[in-house]
Amino acid sequence: MAAAEAPGPKEPRTERGRRTLRAILDAAAGEFGALGFHDASIGGITRAAGVAAGTFYTYFDSKDAVFRALVADMSARVRDHVAPAIRAAPDQIEAERVGLAEFIAFVRAHKEIYRIIDEAEFVDPASYRKHYATTAERITQRLKAAAVRGEVRGDVNEVHAWAIMGMNVFLGLRYGVWEEDREIEALTHAIGDMLAVGLRPYPTNA
């Protein structure tokens, strides 16, 4: 039998509580992103959030718990950031292009996401795996729906989804975290072309 998933933070009942939880998660992102999991502290998080230690423990029972919640929160924030652009795209190739553009824009504003997600592999492997598995599942479903509409090849499956996700992850690392030396639009148009036609050489005129 699979182990039960660890519980998330206590759900706030008021708008004030939601703002407090948001402040704690944002502070945790800064603390873990700057120091890493092992050097980060609950005290550092509460100071950055402007809350008392008792308030922290209203929502989380440990540093591990807030880290686990942060991984889920950042995954959801990426999803929610890119989803509107994907839904508004006229076809699936354009949807993947604008999704990548929005992802890189998000990463440039939240570079700490890479350190946090990477550390999750060792701090909380279940959260790490869930982050990527759920992202790949969303891409798989998008591709399969697009195949039904005739916008992409009919045999698309999770292999294609994981390949697209892997490409996006490393493009975000290179052009979002390491350096911002390419315009996002130019970068993602090149990727859109690659997705549309593959890496086959262009035909030459006889």
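For the structure itself, consult the block above.
About the thresholds
Residues numbered from 1 in each chain as written. Predicted model: local features only at pLDDT ≥ 70, side-chain atom pairs only at ≥ 80, totals over all residues. Heavy atoms only, no water. Helix = DSSP H or I, 4+ residues; strand = E, 2+ residues; numbered from the N terminus. Expected span 1.5 Å × (residues − 1). Buried < 20%, exposed > 50% of the residue type's maximum accessible area, 1.4 Å probe, protein only. Contact = heavy atoms within 4.5 Å. Axes fitted to C-alpha atoms, helices over the stretch in contact; angles between N-to-C directions. Parallel < 35°, antiparallel > 145°, perpendicular 65-115°, else oblique. Left-handed = near helix turned anticlockwise from the far one by under 90°. Nonpolar A, V, L, I, M, F, W, Y, C, P; charged D, E, K, R; others polar. Core = buried A, V, L, I, M, F, W, Y, C linked by side-chain atoms within 4.5 Å. Domains from an automatic or database assignment.

(A) Spotlight on helix α7 (residues 125–148). Taking 1.5 Å per residue, 24 residues should reach 34 Å; α7 reaches 35 Å between its end C-alpha atoms and fits that length. Turning to α7, its buried residues number three or more, namely Ser127, His131, Tyr132, Thr135, Ala136, Ile139, Thr140, Leu143, Ala146 and Ala147. On its buried face, α7 is in contact with α4 (63–88), α5 (92–109), α6 (112–123) and α8 (158–178). At the C-terminal side of α7, Gly150 shows a positive phi close to 80°.

(B) Spatial organisation of the packing of α5 against α8. Viewed as axis vectors pointing N to C, α5 and α8 meet at an angle of 40°, and their least axial separation amounts to 9 Å. As far as their axial angle goes, α8 and α5 are oblique. When you trace α5 past α8, the crossing you get is right-handed. Two secondary-structure elements touch here, α5 through Glu96, Leu100, Phe103, Ile104, Val107 and Arg108 and α8 through Ile164, Asn168, Val169, Leu171, Gly172, Tyr175, Gly176 and Val177. Among the residues making up the contact of α5 with α8, the classes are represented as nine nonpolar, three polar and two charged.

(C) Local environment of the nonpolar core. Within the largest apolar cluster, 59 residues are counted, with the highest numbers of intra-cluster contacts made by Ile24, Phe32, Phe60 and Val66. The element contributing the most residues to this core is α4, with ten residues. Both of domain 1 (8–61) and domain 2 (68–205) provide at least three residues apiece to this core. Other than its neighbours up to four places away in sequence, Phe60 contacts Pro9, Leu21, Ile24, Leu25, Ala65, Val66 and Ala69.

Don't take any of this as a statement about function, it's just geometry.
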